[in-house]
Amino acid sequence: FFWLSLNVWLFWKTFLLYYQGLQYYYLHQMLGLGLCVSRASASVLNLNCCLVLLPMCRVLLAFLRGSQKVASRKTRRLLDKSKTFHVTCGVTICIFSVLHVAAHLVNALNFSENYNEDFLSLNAANYRGEVSQLYLMSALVPGLTGVIMVLVLFLMCTASTYAIRVSNYDIFWYTHNLFFVFYMLLMLHVSGGVLKYQTNLEEHPPGCFNPNKTLRENMTLPKAFEESFPDYTTEPFPEDLPLPEPFVQNNFIRICSEEPKFQSHFPETWFWISGPLCLYCVERLYRYIRSNKPVTITSVISHPSNVLEVRMVKDDFKARPGQYVILHCPRVSALESHPFTLTMCPTDTKATFGVHLKVVGDWTERFRDLLLLHSNQDTEILPIFQQRRYPKLYVDGPFGSPFEESLNYEVSLCVAGGIGVTPFASVLNTLLDGWKCYKLRRLYFIWVCRDIESFRWFADLLCTLHNKLWQENRPDYINIQLYLSQTDGIQKIIGEKYQALNSRLLIGRPRWKLLFDEIAKCNRRKTIGVFCCGPNKISKILHKLSNSSNSYGTRFEYNKESFS
């Protein structure tokens, strides 16, 4: 709502500038409201084209999120909405682009019909009634670039819809990378100089007339001048005829000393987009150099329910729990890459880090086939000196996510749905190495899955952490609740070593309101961080409950995973 209000305010201020500005008087007489709407929408487009790139500067966001001195917790929580802000700017660009194009089509017609014979430099048309060429604004560069930009924006907009992203992510990825073409065309688009403003307002106030120049027959004299000089028509103004003093003092008529001079606007779009565009390009170059060396894959593990775990090492790779990386495998796709949350972070004692990925699309299917080629085993963990040759894999990152904050609350509630457990796996692995150095003193971990086999992904991790905390006399440090939403007759995680999890396995879905009330009652007057990675339905429920008040003075702060 705030961003919408800001864009409307900017549109209205620019509209009034061109509607009331004296330097645009003659141009406004020709184009009417089309001038005001086109320039007002252009100012909104400049702002959004400038800021839409900033949420994509992942390295910058990761730096701000990881710096306690630069960004407070509230600031870091705002950074979690970077993807939402990016989408909002994109939608705003689409809406005001339509308005901008419509206004310029009206301007093209007005340039033709309101051809100004007095001030020829203002005209975009060559003569009155010229229409065919004016739909390209009588300038090849702004017209042609405008048409191509509309086509590029249409492709990017339609391919960004949820249906296309889910059904064919490749289309979304390739069309979205047309943004570079869009920005190059945008910088050329503003170099046409079709719209002009008056530069000599003092020598030629708008609406004035030159007394030493013969008036045209169709010119209408000001009423005050006609009353003072009733016999004056089209004859040259007599130099010795003085004007009445009150007439001059009250500015009933304005005398111009020279003809108006017009100049094209300096393209302001350069000021708006050059900074963010250069910042984004520098960051992409830095990321390319940083991820140019392939990682060493140490092991590949095939888990139930089409989940693949990849463990790897890389020199000088450091990451915090909750962060994510972008994987790029040239043998799968030369250009395509995808983000995956780290489930294991490197520590001071081990350099291994890993990801869990669910095989749900073309890219993950091809990637799995390459990793498990010629292997019929469900699990493949080989020593480095015995491992077969894996395809080259490049890792870009790590990048920040809201789950980095889960260790900075005294109490945290982590809710996962299915494969959405991956961000919390790195947090649990970190706690396994040591929990006393963090602010976190109690963790509520809720995991909802459809099938019983999904819990096997991190069953060993959960049991190991549970036993460790029991040995340290802190069994209340973590509260584990596993929910099986769909049953097929199997209601236990097979194996005696999972007995600690079997006792925490519940059938059905969580009763979220009762769960929040119980947590609030046990943690009176505390601030609890709520972290969710799962279906939108669960996310909306948790968001609503977090914003609702309770009688225990407990405050819930909601956070949600969002890849940018």
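Residues numbered from 1 in each chain as written. Predicted model: local features only at pLDDT ≥ 70, side-chain atom pairs only at ≥ 80, totals over all residues. Heavy atoms only, no water.

The name an unreviewed UniProt entry gives the chain is NADPH oxidase 4, with Ibidorhyncha struthersii as the organism.

This next bit is on the packing of helix α3 (residues 33-51) against helix α13 (residues 269-290). α13 packs onto α3 with a crossing angle of 10° between their chain directions and a minimal axis gap of 8 Å. Judged by the inter-axis angle, α3 sits roughly parallel to α13. In this structure, α3 uses Asn 46, Leu 47, Cys 49 and Cys 50 to contact α13, whose residues at the interface are Thr 269, Trp 272, Ile 273 and Pro 276. Across the contact of α3 with α13, the residue classes tally to six nonpolar, two polar and no charged. (Axes fitted to C-alpha atoms, helices over the stretch in contact; angles between N-to-C directions. Helix = DSSP H or I, 4+ residues; strand = E, 2+ residues; numbered from the N terminus. Parallel < 35°, antiparallel > 145°, perpendicular 65-115°, else oblique. Contact = heavy atoms within 4.5 Å. Nonpolar A, V, L, I, M, F, W, Y, C, P; charged D, E, K, R; others polar.)

Looking now at the pattern of salt bridges. Here the structure, examined in full by the defined rule, presents 15 salt bridges. Lys 293 is the salt-bridge partner of Asp 315, the closest N and O atoms lying 3.0 Å from each other. Highlighted residues: Asp 315 in the loop between β4 (307-313) and β5 (324-328) and Lys 293 in the loop between α13 and β3 (296-303), separated in sequence by 22 residues. With a relative accessible area of 56%, Asp 315 lands in the exposed category. The exposure class of Lys 293 is exposed, given its relative accessible area of 53%. The closest approach of N and O atoms between Asp 517 and Lys 513, which form a salt bridge, is 3.0 Å. Highlighted residues: Asp 517 and Lys 513, both in helix α18 (residues 512-522), separated by four residues, approximately one helical turn. Here the residues in one salt-bridge network are Glu 283, Arg 287, Arg 290 and Asp 396, joined through shared partners. (Salt bridge = Lys/Arg side-chain N within 4 Å of Asp/Glu carboxyl O. Buried < 20%, exposed > 50% of the residue type's maximum accessible area, 1.4 Å probe, protein only.)

Quick look at a nonpolar patch on the surface now. Side chains of Leu 60, Phe 63 and Leu 279 sit close together on the surface and give an oily, nonpolar patch of about 270 Å² of accessible area. On the secondary structure map, Leu 279 appears in helix α13. (Patch = residues over 30% accessible without salt bridge, like charges linked within 9 Å, V, L, I, M, F, W, Y side chains within 5 Å. Areas by Shrake-Rupley, 256 points an atom, 1.4 Å probe, with all protein chains shown as cover.)

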